[in-house]
Amino acid sequence: MFNTADVQAAETVSQSAKATDLEDKFYRQALYFYFAGDYGSALRQISLNRQRQGVDSDRSQLFEAGLQVAIGLHDQATQTLTRFEQRQANAATHNSKAKSATSPQELLLIALLQLTEQQIDQGDVETAKLTLGRITTVLPAYVEQYHVLSQLAYWPDTPPLTAQVQQKANTEENTLPTNSSAAYIALNQALLHMDQQQYNAAHPILIELKEQQWQAPEVNFWQKLFNPFAQPDIFDANDELKPEVQDALLQQQAINDYAKLLLAQLYVANQQYDLAYNELSDFPQQSPYAESALFLFAYSAQQQQQYDMSLKLLTLLQQQYPYSNLAWQAALLSAKQVSEQQSLAQGLTLYQQAEQLYLQKIAEIKQFGETFNDSKNIMDFATKANDEQNPLLTPKSDVLALILTQRFNTDAPWLKKALNDPLLATDYQTLLSLELLSDNVNTQQANSQWLKDTLTLNSQRQAKVIEQQKQLAYRGMLLSLTAQKQRIAEVIAQAEVEQNAQVFADPNQQQWLTRIDASQTTLNTLAKQRNTDDEQQRLDRVKGVLQWQLQGSFPQRLWQHKQSLIQLTEQLELLELQASRFSDLSTNKRLLSEFDVRQQQTQTDIKKMTLNIEALNLKTSREIRGKISIFTQQQQYTLQQLLLTTRHQMANVLEQMSQADRAPINPSPAVDTASQGSH
């Protein structure tokens, strides 16, 4: 026999299984939207599952964070990951009821790694270090990600790497990187060696990196969710490379190019200019590091005494990058080379051109600083362009209205150069986000005003209805209908009890009954005086016919009266309900007041949010102005130093030219030959 505890336990297990199956159903619905590419609907489904169905498992929270990262809601993703990590810390992970192929330990590791990445992106490095410190064990698939995040958090110091890994990390100097993440680890290690002037340690790493190609590693669902560029499927339905794969290939090529550039810098630091020259001779022109490579290539050529090549490269650098510090230095190097290798006059001309260049740039940067400082709205310098780098925000994706799908861009060359500072670029993106948020708040303001107008109209309509209803005598109508109902009920009861059909007589029949009664009274009076048998027989025949007619229609008229009683009862109930509603409407003043309070609260929140947006906009704009002011001062200082150096070099050239002019003319070639021989 089963005892009560066994039965309760079985019921509990059954209910838990049903709840878990239901959770899986809603979770799979969100997964469907995700694999269909509709990330917005997937995120909304997760939110609906939590709000309406109470589905808030570990994997649902982590899935929500991944979706938020995928569509750019990084602040919300950070909050979601923080809640998830706190939930894991407050409860034993092995008690999780969610069915998933991923272990709770891996879910927690994914959350901590992604939370660290979010904190690093937001500049909160110290908190990122604390988050990394909470990682105790790293699974093999996440070793590279753990090392990269540790390097970013502790740069330029060596990360402690306190977590225990289940396999040896590929971060040793002589270990061949197996994927792009491992390549980033090796590249950061080489940079660290170069900063510490340990060139022998950095050299073999860079040699390996500059030619190495990587295949996409095997990734699980969570890695694919949080890092779309790690997808192993590289072709779409049209056998073309997916946009995210193209971006990943560009990142791999950038690693190769940067390794070649660092290797060339290493050779230049060791004065091995021939090796640096050979290293950069086939450097890609479309590389993001082409500017630095071009300058280093020209400098190496100059040190190799390939002056024609060096001069052409320096000239090309000035033409392609007119606002670059390296291009400004190239103008000075060109003038110096021509002065030393060709003629002082030609060198003086190039020095004068460089001087004019620096004076022109000083005037431009000064004018830009004044214009920027005098501008009322710093966003006037912006040109907005759609962000084509995010393939996840497809047209079919029903994303939220607050997702920023634009990036800041500008046609102002000085501002474009200043935007190389990541903090300044982030500030401008913040302004774009604030503009988007302000537009949404304005939309909410319009909706709130519409609601206010609607409530006003409803209040007016309520007052009008109350006034109209007051003119209706509900009490008299109710009394009249009640009396009519009671009368019909009495007629029906009398008819059913006495089976008297005369109660249902119509007016014509009722008139005949009255006449028959009057005639009967007359006959009774005359019967005392004479014989009235004939008249009585005729009257009885008429009375019999009328009685036969009434008795024949009795069932039908009884049913009709009952139906009339039912309809009258329904009308009476409706009238009573209407009277009650009118009573509530006329006496309940809070019917619309609750909506008024909510609308006023919403209006207050909107005003508060608007003020916060304006304050944050003003603060960010002030910070941008400060950074631009510092930028312009730095550029002016750099140009003034170059101008001062140029004028010093010009003075030296003029002095050399003056000395050449004052040198005595040799009287004869023999004297000149003798003079040279004496030397």
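Residues numbered from 1 in each chain as written. Predicted model: local features only at pLDDT ≥ 70, side-chain atom pairs only at ≥ 80, totals over all residues. Heavy atoms only, no water.

Attention now moves to the overall build of the protein chain. Of regular secondary structure, the protein chain possesses 24 helices and four strands. When each of the 679 residues of the protein chain is scored for burial, the buried share is 36%. Pairs at least 24 residues apart make up 69% of the contacts formed inside the protein chain by residues separated by at least 6 positions. Surface exposure of the protein chain reaches about 40400 Å², of which carbon and sulfur atoms provide 51%. (Helix = DSSP H or I, 4+ residues; strand = E, 2+ residues; numbered from the N terminus. Buried < 20%, exposed > 50% of the residue type's maximum accessible area, 1.4 Å probe, protein only. Contact = heavy atoms within 4.5 Å. Areas by Shrake-Rupley, 256 points an atom, 1.4 Å probe, with all protein chains shown as cover.)

Here we take up helix 15 (residues 325-341). Between the first and last C-alpha of helix 15 there are 24 Å, a value that for 17 residues agrees with the 24 Å anticipated at 1.5 Å per step. Within helix 15, 12 of the 17 residues are buried, which leaves it mostly tucked inside the rest of the structure. Of the residues flanking the start of helix 15, the one acting as N-cap is Ser-324, its side-chain oxygen 3.1 Å from the backbone nitrogen of Leu-326. (Expected span 1.5 Å × (residues − 1). Polar contact = N/O pair within 3.5 Å; in protein donor to acceptor, adjacent residues only side chain to side chain.)

According to the stated counting rule, one finds eight aromatic pairs in the structure shown. Between the aromatic rings of Trp-328 and Trp-414, the centroid separation amounts to 6.1 Å while the plane-to-plane angle is 45 degrees, which identifies the pairing as tilted. Taken together, the positions of Trp-328 in helix 15 and Trp-414 in helix 17 (residues 413-418) put the pair 86 residues apart, joining distant regions of the chain. An aromatic cluster is present here, built from Tyr-323, Trp-328 and Trp-414 joined pairwise through their rings. The positively charged end of Lys-361 is found above the aromatic ring belonging to Tyr-323, 3.8 Å away from the centroid. (Phe/Tyr/Trp six-rings, centres within 6.5 Å; stacked < 30°, edge-to-face > 60°. Lys NZ or Arg CZ within 6 Å of the ring centre and 35° of its normal.)

Right, let's get into the packing of helix 14 (residues 307-320) against helix 15. Across the interface, helix 14 lies against helix 15 with an axial gap of 9 Å and an inter-helix angle of 150 degrees. Here helix 15 runs roughly antiparallel to helix 14, going by the angle between their axes. Along this stretch, helix 14 crosses helix 15, giving a crossing that reads as left-handed. On the side of helix 14, the interface is formed by Tyr-307, Asp-308, Ser-310, Leu-311, Leu-314, Leu-317 and Gln-318, while helix 15 contributes Leu-326, Ala-327, Ala-330, Ala-331, Leu-333, Ser-334, Gln-337, Val-338 and Gln-341. For the contact of helix 14 with helix 15, a count of residues per class yields 10 nonpolar, five polar and one charged. (Axes fitted to C-alpha atoms, helices over the stretch in contact; angles between N-to-C directions. Parallel < 35°, antiparallel > 145°, perpendicular 65-115°, else oblique. Left-handed = near helix turned anticlockwise from the far one by under 90°. Nonpolar A, V, L, I, M, F, W, Y, C, P; charged D, E, K, R; others polar.)

Time to look at the environment of Ala-327. Tracing the backbone shows Ala-327 in helix 15. Note on Ala-327: relative accessible area 2%, which makes it buried. Residues Ala-327 and Phe-295, spaced 32 residues apart in sequence, show a C-alpha to C-alpha distance of 7.9 Å. Residues within four places of Ala-327 in sequence aside, it is in contact with Leu-317, Gln-318 and Tyr-321.

Counted at 1.5 Å a residue, the expected span for helix 16 (residues 344-374) with its 31 residues is 45 Å, and the 44 Å between its end C-alpha atoms agrees. Those residues of helix 16 that sit buried are Gly-347, Leu-348, Tyr-351, Ala-354, Glu-355, Tyr-358, Lys-361, Ile-362, Ile-365, Phe-368, Gly-369 and Phe-372.

Taken as a whole, this structure holds seven salt bridges when the rule is applied. Between Asp-282 and Lys-260 there is a salt bridge, with the nearest N and O atoms lying 3.5 Å from each other. Placement of Asp-282 in the loop between helix 12 (273-280) and helix 13 (290-303) and of Lys-260 in helix 11 (residues 243-269) is noted, with a sequence separation of 22 residues between them. For Asp-282, a relative accessible area of 53% gives the class exposed. Note on Lys-260: relative accessible area 8%, which makes it buried. Glu-364 serves as the salt-bridge partner of Lys-361, at 3.8 Å between the closest nitrogen and oxygen. (Salt bridge = Lys/Arg side-chain N within 4 Å of Asp/Glu carboxyl O.)

We note that Gln-197 has phi near 60 degrees; this positive angle belongs to a residue other than glycine. Looking at the element boundaries, Gln-197 is found in the loop between helix 8 (180-195) and helix 9 (199-211). Residue classification places Gln-197 among the exposed positions, given a relative accessible area of 61%. Even without being a glycine, Gln-271 presents a positive backbone phi close to 60 degrees.

This brings us to the confidence of the model for the protein chain. With 70% of its residues at a pLDDT of 70 or more, the protein chain has an overall mean of 75. Helix 16 holds the highest mean pLDDT among the elements of the protein chain, 92, whereas helix 24 (residues 669-678) holds the lowest, 38. (pLDDT = per-residue confidence, 0-100.)

Between helix 15 and helix 16, whose axes approach to 7 Å, the crossing angle comes to 165 degrees. Viewed along their axes, helix 15 and helix 16 adopt a mutual orientation that is roughly antiparallel. For the element pair helix 15 and helix 16, the recorded crossing hand is left-handed. Listed contacts from helix 16 to Trp-328, Ala-331, Leu-332, Ser-334, Ala-335, Lys-336, Val-338 and Ser-339 of helix 15 are Leu-344, Gln-346, Gly-347, Leu-348, Leu-350, Tyr-351, Ala-354, Leu-357, Tyr-358 and Lys-361.

Before going further, it helps to examine the environment of Gln-68. Checked against the element boundaries, Gln-68 lands in helix 3 (residues 58-70). As for Gln-68 and Thr-78, which are separated by 10 residues in sequence, their C-alpha atoms are 9.1 Å apart.

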